[in-house]
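# Commentary on secondary and tertiary structure
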Amino acid sequence: MKRNRYENLLQVHGVIHCISERDEERPLAGSLALHTGQDIDQVRSNRREIASYFGAEVHFISALQVHGDHVHVVGKRSSRGWTEVDASLQADALVTHLPGVVLTILTADCVPLLIADPVHRAIGAVHAGWRGTQQEIVRKTVETMGRLYGTRPTDLVVGIGPAIGGCCYEVGEDVVENFTAYPQAIVAKGNGKYLLDTKQINALQLEALGVPTDQIEISPVCTACEHERFFSYRADGGTAGRFMSCIMLES
Ligand SMILES: [Zn+2]
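Structure report, in brief. (Residues numbered from 1 in each chain as written. Predicted model: local features only at pLDDT ≥ 70, side-chain atom pairs only at ≥ 80, totals over all residues. Heavy atoms only, no water.)

## Some points on the coordination of the zinc ion
Only C167 (SG), C168 (SG), C222 (SG) and C225 (SG) from the protein coordinate the zinc ion, and they sit 2.3 Å from it. Note that the zinc ion binds 4 donor atoms; their angles at the metal cover 103 to 115°, and the shape is tetrahedral. The motif formed by the donor residues of the zinc ion, counted along the single chain, is C-C-x53-C-x2-C. Separated by 58 residues along the polypeptide, C167 in the loop between β9 (157-160) and β10 (170-172) and C225 in the loop between β13 (216-218) and β14 (243-249) bring together distant segments of the chain. Overall, C225 belongs to the exposed group, its relative accessible area being 51%. (Donors = N, O, S within 2.8 Å, 3.2 Å for Na, K, Ca; no water. Tetrahedral: all angles 85-135°; square planar, octahedral: opposite > 155°, others 65-115°. Helix = DSSP H or I, 4+ residues; strand = E, 2+ residues; numbered from the N terminus. Buried < 20%, exposed > 50% of the residue type's maximum accessible area, 1.4 Å probe, protein only.)

## A few points about the layout of surface pockets
Empty space within the largest pocket amounts to approximately 500 Å³. Along the walls of the largest pocket sit 29 residues, with H67, A108, C110, H127 and R242 positioned nearest its centre. Contributing elements (two or more residues each) for the lining of the largest pocket: β6 (101-107), β8 (122-128) and α3 (130-134). Across the lining of the largest pocket, the residue classes break down as 13 nonpolar, 9 polar and 7 charged. (1 Å grid on protein atoms, 1.4 Å probe; cavity = no way out; pocket = protein on both sides within 12 Å on 5 of 7 lines; lining within 4 Å. Points joined across faces, edges and corners; volume = space filled by probe spheres on them. Nonpolar A, V, L, I, M, F, W, Y, C, P; charged D, E, K, R; others polar.)

## Considerations on the sheet that holds strand β1 (residues 3-4)
Strand order across the open sheet formed by 5 strands is β1-β2-β14-β6-β3, with mixed pairing between neighbours. The open sheet is flanked by β1 and β3 (59-62), the only strands paired with a single partner. Here 2 bridges tie β1 to strand β2 (residues 15-20), and the two strands are oriented antiparallel to one another. Bridging across to β2, N4 finds its partner in I19. (Pairing = 2+ DSSP bridges.)

## Topic: the side chain of D92
As for its placement among the helices and strands, D92 is situated in the loop between β4 (71-73) and β5 (93-96). Summary of buried charges: D92 has no salt-bridge partner, and the nearest side chain of opposite charge, R131, is 10 Å away. At a separation of 2.9 Å, a polar atom in the side chain of D92 contacts the main-chain amide nitrogen of G68. (Lys, Arg positive; Asp, Glu negative; His and termini not counted. Salt bridge = Lys/Arg side-chain N within 4 Å of Asp/Glu carboxyl O. Polar contact = N/O pair within 3.5 Å; in protein donor to acceptor, adjacent residues only side chain to side chain.)

## Regarding helix α6 (residues 198-209)
Taking 1.5 Å as the rise per residue, α6 with 12 residues should run 16 Å; its terminal C-alpha atoms sit 17 Å apart, in good agreement. Of all the residues in α6, the buried ones are T198, K199, I201, N202, A203, L204, Q205 and L206. At the N-terminal boundary of α6, the capping side chain belongs to D197, with an oxygen 3.3 Å from the backbone nitrogen of K199. Positive phi appears at G210, one or two residues downstream of α6, with a value of about 110°. (Expected span 1.5 Å × (residues − 1).)

## Some words on unusual backbone geometry
Excluding glycine, residues mostly carry a negative phi; peptide bonds, for their part, are mostly trans. Of note, the amide linkage connecting G161 to P162 takes the cis form, showing an omega dihedral of -5°. Mapped onto the fold, P162 is located in the loop between β9 and β10. The backbone phi angle of R121 is positive, close to 55°, even though this residue is not glycine. Residue placement: R121 occurs in the loop between β7 (111-117) and β8. Classification of R121 as partly exposed rests on a relative accessible area of 31%. Phi at E136 takes a positive value of approximately 55°, unusual for a residue other than glycine. Looking at the element boundaries, E136 is found in the loop between α3 and α4 (137-149). On the basis of relative accessibility, which here comes to 26%, the residue E136 falls in the partly exposed class.

## Overview of the pattern of salt bridges
Within this structure, the stated rule accounts for 12 salt bridges. Between E21 and R229 there is a salt bridge; the shortest N-O distance is 3.0 Å. One end of the pair, E21, is in the loop between β2 and α2 (40-51); the other, R229, is in the loop between β13 and β14, with 208 residues separating them in the sequence. According to the relative accessible area criterion, E21 is buried, its value standing at 6%. Between R22 and E24 there is a salt bridge, with the nearest N and O atoms lying 3.1 Å from each other.

## Observations regarding the sheet that holds β10
Within a sheet, adjacent strands bond to each other through the backbone by hydrogen bonds, running parallel or antiparallel. Spatial ordering of the open sheet is given by β10-β12-β11, a layout of 3 strands whose pairing is antiparallel. Two strands lie at the open edges of the sheet, namely β10 and β11 (186-190), each paired on one side alone. On average, adjacent strands in this sheet sit at an angle of 40° to one another, irrespective of strand direction. Bridge count for β10 against strand β12 (residues 193-196) is 3 bridges, and the pairing is antiparallel. (Axes fitted to C-alpha atoms, helices over the stretch in contact; angles between N-to-C directions.)

Spelled out as structure tokens, the structure:
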């Protein structure tokens, strides 16, 4: 299974991360989602493949993502939601300071964010669709890290994407009216249709908190344009497949 990485997070000592790609040679093209009704054993086989990159005796957290703004704090070294869906773990953001625990996010167009605090040794992973972006889930995640771990926004290193880009993410008035604070991320197409750049809005929310622009890396990949490499809910007409963004602190 091919893996993508952010250049900035690669420079952070003691943090391992990756973003999976589609892989037509794997079952279900390498999908890593247990909740979308596909064959569980095939997904588990794909999950074992990605788990092998993180070494033995590590744990994995995969929450049921519900387009909310709950930040789940991982305070125990044990896996949850990894071999089967854990319906009791509903969250769209995960944070931890525990080494050896892999935080995972599943997406197919929504924005995945991976966050590292190299100073206080803490990490976060976020799923931000337009609803999560509207609810500023990334701000709530950074604030939770600040409260728990002493994280300062100025120290953070963040990777954003791959996700559907401002080239392809067409939305109506009902969605765009939530983002009037970010005119630079909206292009009007006429007939009540707009193009929305949710990667950029998440970056703007991070900058507003004080995360330096040059510590934020935005993936240039639009999942709809590159749906042969990444799952795209829109470009694939409602795919069940999801790719995974993962991050772990090394012990
Ligand atoms: Zn595109």
